[in-house]
Each structure stands twice: as structure tokens, then as C-alpha cells.
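Here are the chains, one letter per residue:
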Amino acid sequence: MSIFKAYDIRGKYPKELDEAQARAIGWATAQFIKRLKKHVSLPSIKRGKGVCKIVVGRDVRISSPALSRSLIQGLLAGGAEVTDIGVVTTPMSYFAGGFYRFDGSVMVTASHNPPEYNGFKICREQAMALSETTGLKDIEKLAGQYASPKTQTLPPLNSLSIVPDYIKFIRRFINTGRRPLRIAVDFTNGSVGPIFKEIFNRRPNLEIIPLCFEPDGRFPNHDPNPMEDENIRDLKLAIRKTKAGLGVAFDGDGDRVIFLDEHAQRIPNDLVTILIAGEILKNHKKENIVYDLRSSRMVQEQIARLGGRPVRERVGHAFIKATMRQHNAAFGGELSGHYYYRDNYFADSALLTFVHLINLISGNSKPVSKIIKPLRKYFHSGELNFTVADKSEKMAEAVQRFSDGKIDYLDGVTVEYDDWWFNLRPSNTEPLLRLNIEADTARKLTSARRAIEKILKR
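In what follows, the accompanying structure is described. Think of each chain on its own: its residues are numbered from 1, step by step along the sequence as written. With pLDDT at 70 or above as the cut-off, local features in this predicted model cover only qualifying residues; side-chain atom pairs require 80 or more to be listed or tallied, and sums for whole chains, interfaces and linings still use all residues. Only heavy atoms go into the side-chain values, all of them from the structure, while hydrogens and water stay out.

1. A look at the pairing of strand S4 (residues 104-108)
And step 1. A simple rule labels every residue: compare its accessible area, found with a 1.4 Å probe on the protein chains alone, to the largest value its type can have, and call it buried under 20%, exposed over 50%, or partly exposed in between. Secondary structure elements are taken from DSSP: a helix is a run of H or I of four residues or more, a strand is a run of E of two residues or more, and numbering for both begins at the N terminus. Along S4, five of the five residues are buried, which leaves the element largely enclosed by surrounding structure.
And step 2. The alternating pattern of S4 places Gly104, Val106 and Val108 on one face and Ser105 and Met107 on the opposite face, and all of these are buried.
And step 3. A pair of strands counts as paired when DSSP detects no fewer than two bridges linking them. Pairing of strand S2 (residues 52-58) with S4 involves five bridges; the strand directions are parallel. Each bridged residue has a counterpart across the sheet, and for Val56 the counterpart in S4 is Val106.
And step 4. Here S4 runs beside strand S5 (residues 117-123); their pairing, made up of four bridges, is antiparallel. Looking across to S5, one finds that Met107 is bridged to Lys121.

2. Some remarks on the pattern of salt bridges
And step 1. By definition here, a salt bridge exists when the distance from a side-chain nitrogen of Lys or Arg to a carboxyl oxygen of Asp or Glu is within 4 Å. Within the structure shown, the criterion is met by 24 salt bridges.
And step 2. Linking Asp229 and Arg266 is a salt bridge whose minimum nitrogen-to-oxygen distance equals 2.9 Å. In this pair, Asp229 sits in the loop between strand S8 (206-211) and helix H7 (233-242) while Arg266 sits in strand S11 (residues 266-267), placing the two residues 37 residues apart along the sequence.
And step 3. For Arg266, a relative accessible area of 25% corresponds to the partly exposed category.
And step 4. Through salt bridges with shared partners, one network takes in Asp292, Arg294, Glu383 and Arg425.

3. Details of the environment of Phe250
And step 1. You can see Phe250 is positioned in strand S9 (residues 246-250).
And step 2. For Phe250, a relative accessible area of 0% corresponds to the buried category.
And step 3. In this structure the C-alpha to C-alpha distance between Phe250 and Gly193, which are 57 residues apart in sequence, comes to 9.3 Å.
And step 4. Here, residues are in contact when the closest pair of their heavy atoms is within 4.5 Å. Not counting the four nearest positions on each side in its chain, Phe250 is found in contact with Val185, Asp186, Phe187, Thr188, Val192, Phe196, Pro226, Arg256, Val257, Ala350, Leu351 and Phe354.

4. With respect to the sheet that holds S2
And step 1. Pairing in this open sheet of six strands is mixed, and the strands run S1-S5-S4-S2-S3-S6 from one edge to the other. The two strands at the open ends of the sheet, each matched to only one other strand, are strand S1 (9-12) and strand S6 (158-159).
And step 2. Between N-to-C directions, angles cover 0 to 180 degrees, with each direction set by a line fitted to C-alpha atoms, over the stretch in contact for helices. Sitting on the sheet, helix H3 (residues 90-99) touches S2, strand S3 (80-87), S4 and S5, and the angle it makes with S4 is about 165°.

5. So, the side chain of Thr323
And step 1. By the secondary structure assignment, Thr323 is in helix H10 (residues 317-327).
And step 2. The residues touching Thr323, leaving out its near neighbours within four places in the chain, are Val290, Val311 and Glu313.

6. Focus on the sheet that holds strand S10 (residues 257-260)
And step 1. Overall, mixed pairing links the five strands, which are arranged S8-S7-S9-S10-S11 in an open sheet. For this open sheet the edge positions go to S8 and S11, each flanked by a neighbour on one side alone.
And step 2. Pairing of strand S7 (residues 181-186) with S9, which is carried by four bridges, proceeds in the parallel orientation. By the bridge assignment for S9, Asp186 is matched with Ala249.

7. Considering helix H13 (residues 391-401)
And step 1. Taken together, the buried positions of H13 are occupied by Lys394, Met395, Glu397, Ala398 and Val399.
And step 2. Buried-residue contacts for H13 involve strand S19 (406-408), strand S20 (413-416), strand S21 (420-426), strand S22 (432-439) and helix H14 (442-456).
And step 3. Residue Asp390 occupies the N-cap position of H13, its side-chain oxygen lying 3.2 Å from the main-chain nitrogen of Ser392. Nitrogen and oxygen atoms within 3.5 Å of one another constitute a polar contact, given that in protein one can donate a hydrogen and the other can accept it, and given that sequence-neighbouring residues count only through two side-chain atoms.

8. Quick look at the nonpolar core
As a rule of thumb, soluble globular proteins bury nonpolar side chains together.
And step 1. In terms of nonpolar packing, the biggest core is built from 69 residues, with Phe200, Leu246, Phe250 and Leu351 touching the most fellow members.
And step 2. When residues of this core are assigned to their parent elements, the largest contribution, nine residues, is made by helix H11 (residues 350-362).
And step 3. Non-local contacts of Leu246, meaning those with residues more than four positions away in its chain, are made with Arg182, Ile183, Ala184, Phe259, Leu260, Ile267, Leu357, Ile358, Ile361 and Val368.
And step 4. Among buried residues, those of type Ala, Val, Leu, Ile, Met, Phe, Trp, Tyr and Cys that are joined through side-chain atoms within 4.5 Å constitute a nonpolar core. Core analysis: the second largest hydrophobic core is formed by 34 residues, Ile3, Phe4, Leu36 and Leu76 among them.

9. Focus: the packing of helix H8 (residues 269-281) against H11
And step 1. Where H8 contacts H11, the axes come no closer than 10 Å and their chain directions differ by 75°. Of the possible angle classes, the one that applies to H8 and H11 is roughly perpendicular. Every residue of H11 that contacts H8 at Val272, Leu275, Ile276, Glu279 and Ile280 is listed here: Thr353, His356, Leu357, Asn359 and Leu360.
And step 2. Of the residues contributing to the contact of H8 with H11, the split by class is six nonpolar, three polar and one charged. Angles below 35 degrees are treated as roughly parallel, those above 145 as roughly antiparallel, those between 65 and 115 as roughly perpendicular, and all remaining angles as oblique. Gly counts as polar in this scheme, as do all residues outside two lists: the nonpolar Ala, Val, Leu, Ile, Met, Phe, Trp, Tyr, Cys and Pro, and the charged Asp, Glu, Lys and Arg.

10. Observations regarding a negative patch on the surface
And step 1. Patches here are clusters of residues that have more than 30% relative accessible area and form no salt bridge, with a 9 Å joining cutoff for like charges and a 5 Å cutoff for nonpolar side chains (Val, Leu, Ile, Met, Phe, Trp, Tyr). Throughout, the Shrake-Rupley method with a 1.4 Å probe supplies accessible areas, and for residues the shown protein chains are the sole cover considered. Neither His nor the chain ends contribute to the count of charged residues, in which Lys and Arg are positive and Asp and Glu negative. To locate a charge, take NZ of a lysine, CZ of an arginine, CG of an aspartate or CD of a glutamate. Judged by side-chain charge, Glu116, Asp223, Glu228 and Glu230 come together as a negatively charged surface patch.
And step 2. Mapped onto the fold, Glu228 is located in the loop between S8 and H7.
And step 3. For Glu228, a relative accessible area of 40% translates into the label partly exposed.

11. A look at the packing of aromatic side chains
And step 1. Here the aromatic set is Phe, Tyr and Trp, taking the six-membered ring for Trp, and pairing holds for ring centres within 6.5 Å; pairs whose planes are under 30 degrees apart are stacked, those over 60 apart are edge-to-face, and all others are tilted. Here the structure, examined in full by the defined rule, presents 23 aromatic pairs.
And step 2. A connected cluster of aromatic rings, assembled from ring pairs, spans Phe95, Phe99, Tyr100, Phe102, Tyr166, Phe169 and Phe173.
And step 3. We call a charge positioned above a ring when the Lys NZ or Arg CZ atom is no farther than 6 Å from the ring centre and deviates by at most 35 degrees from the ring normal. Positioned above the aromatic ring of Phe319, the side-chain terminus of Arg314 is 4.0 Å from the ring centre.
And step 4. The ring of Tyr94 carries Lys321 above its face, with NZ or CZ at 4.2 Å from the centroid.

Written out as C-alpha cells, the structure is:
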């Protein structure tokens, strides 16, 4: 299976991704970005003729320093001027690419995958992410043309600390009220901890209960994926033990975040989208807000009620970001725990999401569960995965069975009725169909799930 995925490059180190491949990918990325420059006028920082400027960051994985060095060697060999920003979060990499006007950025990370994985997230100018349809396939082909030189003198490598500018950027949005908050935060031993401490240390009325704080690329306490219940057990215990009013868990590279209420119950990510949208729409009515099509109907309803314009989009950060740029959307949210901001070059930022949520909570006298309660109107299945031999055939069967509903094909197939709906979409990398169902009642949800599962399991 190729390490080139739909939205990034990812594989096990060193079996599937090693230093030689990193050099080839670096060289290919430099070629691709240079070709872009021939067709696009970029408002970049000062550069020599024909030079492309690329910024490189990395996460805390054990393999990241070696892969970063090799990637940089390839970038330099490919004619890029490279600036190394060291260990950062993925959103910090996006920020660096946009704020300092680089022609491109590469983040060495495997995000929320287990420690044996690593990879690259590649962007062009202004943090515009590359996907398989907007550049990754081209880079894959170019990497196959790379020939390692026997001897070569490489240009010097630049280095830059973006921490002071990033701290100023995040602090612009902090507007906490007088209500004291005790928050349990699981940092997953990832790269979020140090920058979080710099930003929120000694904030008045904010008490942080830290878990898994120290960066450790082995992720010794649990895998860096907070979407899995087994990885937030300690956070749930900490909330109950310390009587924290909120629980927060970041993933390994800090681009995803999930929240728990004071009872240690997950707050559904689409409901978080509603809360953040509400904060943004307080002062900016009629803004476009993008949400992924798996989200509850409540998202569309509430955005409209709050004075915004809901924009529905298919799943995946490349699609969400492109649609946000197209509509100049102020904010976007995905069910996967990614939240996107126009203020952050239309890229995701877990820390900005944390800031907006604590702004809301600190200005409200109600506990978090009470704030969320009115939004828990519908009944949702969560995302269910089904292994099938022929994904297209099963989707066609579902369409035929529910042909009396309102059908669209934005991402897989979505079928809507007055009192329930479902989305069925194929996995990009596995023989799986992913199913999401929502209904007005628990009984309707159960009956709908049985009817669809009858098709998928047949």
C-alpha cells in the first residue's frame, strides 16, 4: 500500500517510510513548489530569482528528527531555501507558512497514529493543504525520478523560533470572564504541552490539571488519538477526582481536540462546532460557517438561528479548507475534532478552539453539561464501519432500498427523510463503508440502523 494517502503521506518507520524516501519526497516537494511559482504570483518574503522558500516543522516522535533531517536535505538538493522551526504543533506549522509568507510548508508528523508511524503534511503558500487531487500525486511521481547524488554541497539551513509570534497570535483571542475554571487537560505526551504552558501559564481564574504533559514520542501512557475511548480513561478519572468543570484532550500533533463535560461525558464534536460558531457569530453576523455532512441537523439549524450562513461540505480537511476559502468562511468544524479558522489561514487549530470554548464557558454561570443540553435534540449513531466486498454495489443497494428519500451524492450517498437521515461513504484506504445515522427519536434510530445493517451485512 502506498504511503501517499488522500490528504498526507504516512507509513510505519522504517519499514514503509525511511530516510531515503524522505530525501526523495523533499526533493520532489521542492520541484512541485517551484513549478507552482511559475504559474502563481506569491506575496512572499524576499527571495532570490527562482528560489522557493519552505518551512519545516516536526512533532515529538522518535523518528521525526531523522526524517526531518533527510527531508530537509532533499528540499535543499531540490533548490529550496529551507527554514527549520523545530518541534512544533501542526497548527503552528500552518501559522508559520501563512504568517511569514513562505511558499510552502512541510510538517513531519503522523498526527494521531501510534508511535511506530510517521509522515508528512505538505502545504503550498498560505497554508493551503495538498491532497491527492491538488499535488500529492504529482509529488509521488516526482519522487520516483529522484536520483541521490554521490557528492553535493548543499546551501545553509535557516532556523527560526516562531514561539513569540505564535503566543501573541493565540493570546489575541483570549477573553475569559471572571468565573474561575478548573480544567483537566490530557496533552498525550505530544507537542502541545510546552506551547500551552507558555500561553496559559498564570492566567487568572484558570486552574489546569495536567496529564501526560511531558513530550515523549513513545507515547508511553496511551496512543495519541483522543477519539478512542480507551485513550481518555485517565482524563475521565481526573475530572471526577478533581471535580474539574471541563476535560480536554489533544492529539499528538495538536491539530485535533475533544472535550468532556463536568460528568466526564464526551461533548459531541458537532455540538462543539455549534458553540464555537455561536462565539464567532456574536460579533460577526451573516458569516459563512462550514460543517461536514456527518454533523447533526442541529448544526445547520443553530448556525442559521444565530445569524450565520451554514455551508455543508464533504469529509476531509482538504475539502473543508478549500470550501472555506471559496466562501471566505469565518469558521469550520468537522466531526473528527478538527476546527478551522479564517484567522488561522483557513487551517485547523486545537488551541484556538480551546480558547473560544473557555471564553464561552467562563462567561456563563451554567455548568458545561447544562450549556450543551439544549443542543442534544437528536439521536445519533456515531460513525459505524462495515467491511464489504464491493463498496459501490452496497451503496447502490442502499440507494435502491431508500429511493423514496431525498438523495444527494456530495460524499458517498446521503438519504434524508423528515424524521431521520443517513450518510454512507466509502473509505479511501480500506474495504470499508462508513455509516452515520441520525433520527428524531431513539426508536427511529434503532429501526433505521437495523434496516441499513440488513443491507450491509447481507
